[in-house]
Amino acid sequence: MNTLAEQLLKNFDDLPDTEQHAIAVEILKRVVNFDVPPLTDEDLVLNAEALFLALDEQEADDE
């Protein structure tokens, strides 16, 4: 991911929840017709691992 994409995500994270939802809806409308190959089991495992690690880190920060 390039710097512009990272900045877009940071700006998105800084928005209120209602704005995030509105933007997410608009992005989903645009990408619904992308020709994307199905995720492999390995892709799913790697993404799940990253998600759980991020959640663990967030829980540790909250304690």
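Residues numbered from 1 in each chain as written. Predicted model: local features only at pLDDT ≥ 70, side-chain atom pairs only at ≥ 80, totals over all residues. Heavy atoms only, no water.

Undergrad: Would you explain the overall build of the protein in this entry?
TA: Looking only at helices and strands, the protein has three helices and zero strands in total. In the protein, the succession of α and β elements from N to C terminus is α-α-α. Overall, the C-alpha framework of the protein stretches about 40 × 35 × 25 Å when taken along its three principal axes. When the 63 residues of the protein are sorted by exposure, 2% land in the buried category. (Helix = DSSP H or I, 4+ residues; strand = E, 2+ residues; numbered from the N terminus. Buried < 20%, exposed > 50% of the residue type's maximum accessible area, 1.4 Å probe, protein only.)

Undergrad: Before we go on, may I ask you to explain a nonpolar patch on the surface in this structure?
TA: On the surface, Leu-15, Ile-23, Ile-27, Leu-28, Val-31, Phe-34 and Val-36 cluster together into a nonpolar patch covering about 610 Å² of accessible area. Mapped onto the fold, Val-31 is located in helix 2 (residues 17-31). For Val-31, a relative accessible area of 31% corresponds to the partly exposed category. (Patch = residues over 30% accessible without salt bridge, like charges linked within 9 Å, V, L, I, M, F, W, Y side chains within 5 Å. Areas by Shrake-Rupley, 256 points an atom, 1.4 Å probe, with all protein chains shown as cover. Salt bridge = Lys/Arg side-chain N within 4 Å of Asp/Glu carboxyl O.)

Undergrad: Quick question: what am I supposed to make of the pattern of salt bridges here?
TA: Opposite charge on two side chains permits pairing when their charged atoms draw close. One pass over the full model with this rule turns up three salt bridges. Put simply, Asp-14 and Lys-10 hold a salt bridge, and the shortest N to O gap is 2.7 Å. A residue pair is termed a helical-turn pair when its members lie 3 or 4 positions apart in one helix, as Asp-14 and Lys-10 do in helix 1 (residues 3-14) at four residues. Since its relative accessible area comes to 52%, Asp-14 is described here as exposed. By relative accessible area, which is 45% here, Lys-10 ends up partly exposed.

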